[in-house]
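# Residue-level structural notes
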Amino acid sequence: MIKEKIREYRDFARRINKWQRKEPPKVEIDPTVTTCDNCGCEHDGRFCPQCGMPVARKRLSVKHVVLNFLDVWGFGSRPMFRTIGQLFTRPGFMIRDYLNGHYLRFFPPFKMLVVLTLVFVVECHILGLDISNHIDGAQLQKPSYSTDQKKIAEGLLGVLNAGRNFLDSNPTASIILQYVFFIFAARIVFKKRGLNISETFVAHIYIACQMQLLAIASTLLTLRLSDTSFLPHNLSSLIVIPVLVYDYHQLYDVKWWSSIWRTMLTIGISMVFLLLFIVVLVSVVGIYIASKADVAGNLSGG
Ligand SMILES: [Zn+2]
């Protein structure tokens, strides 16, 4: 009885897996010969070989007009909905299909991240949630700091504020920059799984899209922002980690256990990178300000 149930479940899982792995279908060439409305060239297929205009088999409809209108913001195209759907049903396999050359079948990753980030920002604005990365300068005003320490702290704050202003006005660039350490970590951990650094980068832009969609949904459901985890999305680690394991299991074609420990290792290495970066940044700014204070001290003293 139980054995039968297990076999049923395994069959079901196998069928799902087979469907997830299936490559996109080939498009048959339409043999109908038409005259291009735009340049007059006679041709078969769906596009004019001279000017590239798609063949309009039907007259303009309301749907066309609406989709055209939505297209101004990057919404409304068929690949957009297909890409969103497949980012949940078969994310890793979809990304591999894209990297294997099915470029036009899916919505381009960077454009998609820009659109989704815009949606998230608008959503937070409507819900009255503040997503800017405020750095509080008040705690640096404590009298216990010596003048030099205070100068160093103020200088550091200046650098951080400049960075914050840039990132606040470029939310998509902010997300991509915050992914950099994570992408290098993933490249190291999955070195033998066949993706080069550029492919790893593009794959993670799609993963960022997927996380952004989840952030949009979870913010709408909870009506508040979760704290960002090691990835720059307002999403709980309880969601981010399982989703990453699921993505890597498909994208790198590794077993579940392998995907779990490699995901943890990727997170760990990216944390080390981030820590090193902060140490280097603080030292550089510290040395620079200390040297300036020295010069100023010498001038006033002698
Ligand atoms: Zn033409």
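What you see as residue numbers is a count from 1 along each chain, following the sequence as written. The predicted origin of the model limits local features to residues at a pLDDT of at least 70 and limits the giving and counting of side-chain atom pairs to 80 or more, whereas totals for whole chains, interfaces and linings rest on all residues. Heavy atoms throughout the structure, all of them, feed into the side-chain values; hydrogens and water do not.

## So, the overall build of the protein chain
Check the secondary structure of the protein chain and you find 10 helices and 2 strands. Only the C-alpha atoms count toward the radius of gyration. The rule for a globule is 2.2 Å times the residue count to the power 0.38. For 302 residues, the compact-globule estimate of 2.2 N^0.38 gives 19 Å, and the C-alpha radius of gyration of the protein chain, at 26 Å, exceeds that figure by more than 25%. By principal-axis analysis of the C-alpha atoms, the protein chain measures approximately 90 × 65 × 40 Å. Only protein chains enter the calculation, and the probe is 1.4 Å; a residue is then buried if its accessible area is under 20% of its type maximum, exposed if over 50%, and partly exposed in between. Here the protein chain holds 302 residues, and 34% of them are scored as buried. In this description, contact between two residues means that some pair of their heavy atoms is separated by no more than 4.5 Å. Of all intrachain contacts in the protein chain linking residues separated by at least 6 positions in sequence, the fraction that spans at least 24 positions is 62%. His residues and chain termini do not enter the charge count, which takes Lys and Arg as positive and Asp and Glu as negative. Positions of charges follow a simple convention, taking NZ of Lys, CZ of Arg, CG of Asp or CD of Glu. Of note, the protein chain has its 33 positive side-chain charges centred 7 Å away from the centre of its 22 negative side-chain charges. Note on conventions: DSSP H or I runs of at least 4 residues are helices, E runs of at least 2 residues are strands, and numbering of each starts at the N terminus.

## Section: the side chain of Gln-212
Tracing the sequence through the fold places Gln-212 in helix H8 (residues 197-222). Of note is the side chain of Gln-212, whose polar atom sits 3.2 Å from the side chain of Thr-117. With residues up to four places along the chain from it excluded, the contact list for Gln-212 reads Leu-116, Thr-117, Phe-120, Ile-175 and His-233. Polar contact is the term for a pair of N or O atoms within 3.5 Å; when the atoms are in protein, one must be able to donate a hydrogen and the other to accept it, and sequence-neighboring residues count only if both atoms are side-chain atoms.

## A look at the packing of aromatic side chains
Aromatic pairs are defined between Phe, Tyr and Trp rings, using the six-membered ring for Trp, whenever the two ring centres lie within 6.5 Å; interplanar angles under 30 degrees are classed as stacked, those over 60 as edge-to-face, and all others as tilted. A complete count under the given rule lists 9 aromatic pairs for this structure. Relative to Tyr-103, the ring of Tyr-98 lies with its centre 5.1 Å away and its plane at 75 degrees, an arrangement referred to as edge-to-face. Classification of Tyr-103 as partly exposed rests on a relative accessible area of 48%. Taking the centre distance of 5.9 Å and the plane angle of 35 degrees together, the rings of Phe-110 and Phe-201 count as tilted.

## What about the pattern of salt bridges?
Only one rule defines a salt bridge in this text: a Lys or Arg side-chain nitrogen within 4 Å of an Asp or Glu carboxyl oxygen. Applying the stated criterion across every chain yields a total of 4 salt bridges. Here Asp-11 and Arg-14 are joined by a salt bridge, their closest N and O atoms 3.6 Å apart. Remark: Arg-14 and Asp-11 occur in helix H1 (residues 2-21); sequence separation between them is 3 residues, near one turn of the helix. Here Asp-253 ties to Arg-21 by a salt bridge, and the two come within 2.9 Å at their closest N and O atoms. Here Asp-253, found in the loop between helix H9 (237-251) and helix H10 (256-301), pairs with Arg-21, found in helix H1; they are 232 residues apart in sequence, far enough to count as distant. Exposure remark for Asp-253: the relative accessible area of 33% places this residue in the partly exposed category.

## Comments concerning the coordination of the zinc ion
Ligating atoms shown are N, O and S within 2.8 Å of the metal, or 3.2 Å for Na, K and Ca, and water is not included, meaning a site may look less than complete. Note on the zinc ion: its protein donors are Cys-36 (SG), Cys-39 (SG), Cys-48 (SG) and Cys-51 (SG). The metal-donor distances range over 2.2 to 2.4 Å. Geometry assignment treats four donors as tetrahedral when all angles are between 85 and 135 degrees, treats four as square planar and six as octahedral when opposite donors are over 155 degrees apart and all others between 65 and 115, and treats everything else as irregular. In this structure, the zinc ion is surrounded by 4 donor atoms whose angles at the metal cover 105 to 116 degrees, and the resulting shape is tetrahedral. Read from N- to C-terminus, the donor residues coordinating the zinc ion fall into the pattern C-x2-C-x8-C-x2-C. In this pair, Cys-36 is assigned in the loop between strand E1 (34-35) and strand E2 (42-43) and Cys-51 in the loop between E2 and helix H2 (62-70), connecting sequence segments 15 residues apart. On the basis of relative accessibility, which here comes to 8%, the residue Cys-36 falls in the buried class. For Cys-51, a relative accessible area of 35% gives the class partly exposed.

## Thoughts on the nonpolar core
Put simply, a nonpolar core is a bunch of buried Ala, Val, Leu, Ile, Met, Phe, Trp, Tyr and Cys residues held in one set by side-chain atoms that sit within 4.5 Å of each other. The biggest cluster of nonpolar side chains holds 48 residues, and the ones touching the most others in it are Ile-95, Tyr-179, Tyr-206, Met-211, Leu-231, Leu-244 and Tyr-248. When contributions to this core are tallied by element, the ones reaching two or more residues are helix H3 (78-89), helix H4 (91-99), helix H5 (109-127), helix H7 (171-189), H8 and H9. Top contributing element to this core by residue count: H8, with 12 residues. Contact partners of Leu-231, with chain neighbours within four places excluded, come to Tyr-179, Phe-182, Met-211, Val-240 and Leu-244.

## Looking at the packing of H5 against H8
Note on geometry: axes are C-alpha line fits, over the in-contact stretch for helices, and angles between N-to-C directions span 0 to 180 degrees. Look at H5 against H8: their axes get within 9 Å of each other, and the N-to-C directions meet at 20 degrees. For the element pair H5 / H8, the angle class is roughly parallel. The handedness of the crossing between H5 and H8 comes out as left-handed. Side by side, H5 and H8 meet where Pro-109, Phe-110, Met-112, Leu-113, Leu-116, Thr-117, Val-119, Phe-120, Glu-123 and Leu-127 of the first sit next to Phe-201, Val-202, Ile-205, Tyr-206, Ala-208, Cys-209, Gln-212, Leu-213, Ala-215, Ile-216, Thr-219 and Leu-220 of the second. Tallied by class, residues from the contact of H5 with H8 come to 18 nonpolar, 3 polar and 1 charged. Angle categories are assigned with fixed cut-offs, so that under 35 degrees is roughly parallel, over 145 is roughly antiparallel, 65 to 115 is roughly perpendicular, and the rest are oblique. Crossing handedness follows the turn of the near helix against the far one: under a right angle anticlockwise gives a left-handed crossing, and clockwise gives a right-handed one. Each residue is assigned to one of three groups, with Ala, Val, Leu, Ile, Met, Phe, Trp, Tyr, Cys and Pro labelled nonpolar, Asp, Glu, Lys and Arg labelled charged, and all others, Gly among them, labelled polar.

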